[in-house]
Amino acid sequence: MEDLVSVIVPVYNSEKYLKDCVESIVNQTYRNLEIILVDDGSTDTSGTICDIYAKNDSRVHVIHKENGGNGDARNAGLKIATGQWITMSDNDDIFHKRQIEVLLSAATDKNADIAVGWYRPFDIHEVPQDEEIEDNFLNKVETLSDKHLYNDAFIQKRSMILTVPWSKICKREMYHNVWYPAKSRHDDTWTTWKLYEHAKKVVFIPTILHYWRDDPNSFGRRKFDTTHFDGMDAYRTQIEYFRKQGRQRYVEITFASYIEMFFWCYNRMKESEMDVTILRPYWQYMKKNIGYVKLTKSLGLKQWLRYRYLAWYRIPQLILH
């Protein structure tokens, strides 16, 4: 008997795009699905759209709840999911019609706990068309290893897809004691790395399986507020964890992400004419713990010096004057 795959979709005020998303899921080539639509207190017709799909397709289940944030909605779906595998989507994205089939085939063929597929962003006015998937796609599946961990180009290109909750499939047990923070605007940064910690094997499929709607009105593009600092808090938690584990390469990668998030916040604050001195505690953490980033073969002298220059000279010039 085919494994059951639970598909969890947090839904909030997405009436404009929700049908496209759900249609792409109910029409998957892999049919043994449990589709959980979590209406997170929508104030438009999104909840009604969810109910119509549940009425017409017995695989669709709907949760109506008070608004608690994206992470809270994901948790509500996880609590009732019964599938051997879990996959997720944002409520305005679109699945390739073979997404679940390909992800599950790759995971089972390679005996992996997590399979991650590639994605393509698309404009809000575009209707993406499924790319053809070659019959030999399993021959191109990569098992993630230290070779990838020490490949900066691989990490930089794929850092987003490895972090987001969508375009991947996970064995249910990967979510054991793993929950999304309810109100965080960076709930995946807090969570996805914990799934990898539980996994014995992760594979990557360099095939476009997910279409991500590049919406200029999404939360990351709207007027900036300090709730985005939460992303730096999430990276700081990872840095401390990996440092205690003695996994220096992970510390290097996460510290780089922390600095990148710091400058993203700084630039958005300058655009919004906000007081950048409130970033001071995040700079102080960086400066105090710059010793976590050691001079190693994988980091190199140039990057080692650059981090110290940023922490001791450049950043204080930007935020303290």
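For the structure, see preceding data.
This one's a predicted model, so the numbers in the text were calculated from it and none came from an experiment.

Draft legend 1. Molecular detail of the pattern of salt bridges. One pass over the full model with this rule turns up 19 salt bridges. In this structure, Arg 59 and Asp 57 form a salt bridge, with 2.9 Å as the shortest nitrogen-oxygen distance. Like Arg 59, the residue Asp 57 is buried in the burial classification. Its salt-bridge partner being Glu 134, residue Lys 140 comes within 2.8 Å of it at the nearest N-O pair. The partly exposed category is assigned to Lys 140, whose relative accessible area is 37%. If you follow the salt bridges from partner to partner, you end up with Asp 40, Lys 65 and Asp 72 in one network.

Draft legend 2. Focus on empty space enclosed by the protein. With the rule as written, the count across this model stands at one cavity of 30 Å³ or more. By volume, the largest cavity is sized at about 40 Å³. The wall of the largest cavity is formed by Ile 86, Thr 87, Met 88, Pro 165, Lys 168, Cys 170, Tyr 175, Tyr 180 and Leu 195. Breaking the lining of the largest cavity down by element, the ones donating at least two residues are strand S4 (85-88) and strand S8 (168-171). In the lining of the largest cavity, the residues fall into seven nonpolar, one polar and one charged.

Draft legend 3. Highlighting the packing of helix H9 (residues 248-271) against helix H10 (residues 280-288). Contact geometry for H9 and H10: axes closest at 11 Å, N-to-C directions at 150°. Comparing their axes, H10 and H9 come out roughly antiparallel. The hand of the H9/H10 crossing is left-handed. Residue-level inspection shows Phe 255, Tyr 258, Ile 259 and Phe 262 of H9 in contact with H10, the latter providing Tyr 282, Trp 283, Tyr 285 and Met 286.

Basis of the calculations
Residues take numbers from 1 onward in each chain, read along the sequence in its written order. Totals for whole chains, interfaces and linings use every residue, but because this is a predicted model, local features are given only for residues with pLDDT of at least 70 and side-chain atom pairs only at 80 or more, for both listing and counting. Side-chain figures throughout are based on the complete set of non-hydrogen atoms in the structure, without hydrogens or water. Here, a salt bridge means any Lys or Arg side-chain nitrogen found within 4 Å of an Asp or Glu carboxyl oxygen. Burial classification: accessible surface area is computed with a 1.4 Å probe over protein chains only, and a residue below 20% of its type maximum counts as buried, one above 50% as exposed, and the rest as partly exposed. Definitions used for this entry: grid spacing 1 Å over protein atoms alone; cavity, a set of points where a 1.4 Å probe fits but cannot get out; pocket, an open set with protein on both sides within 12 Å along at least 5 of 7 lines; lining residue, one with an atom within 4 Å of a point. Grid points are joined across faces, edges and corners, and a volume is the space filled by probe spheres set on the points. Put simply, DSSP marks the helices as runs of H or I at least four residues long and the strands as runs of E at least two long, and each gets a number from the N terminus on. Charged means Asp, Glu, Lys or Arg here, nonpolar means Ala, Val, Leu, Ile, Met, Phe, Trp, Tyr, Cys or Pro, and polar covers whatever is left, Gly included. Inter-axis angles, ranging from 0 to 180 degrees, are taken between N-to-C directions of lines fitted to C-alpha atoms, where helices are fitted over the stretch in contact. Should an angle lie under 35 degrees it is considered roughly parallel, over 145 roughly antiparallel, and from 65 to 115 roughly perpendicular; all remaining angles are considered oblique. Here a crossing is taken to be left-handed if its near helix is turned anticlockwise relative to the far helix by less than a right angle, and right-handed if that turn runs clockwise. Residue contacts are defined here by distance: any two heavy atoms, one from each residue, within 4.5 Å place the two residues in contact.

No statement about biological role is implied by the geometric values presented.
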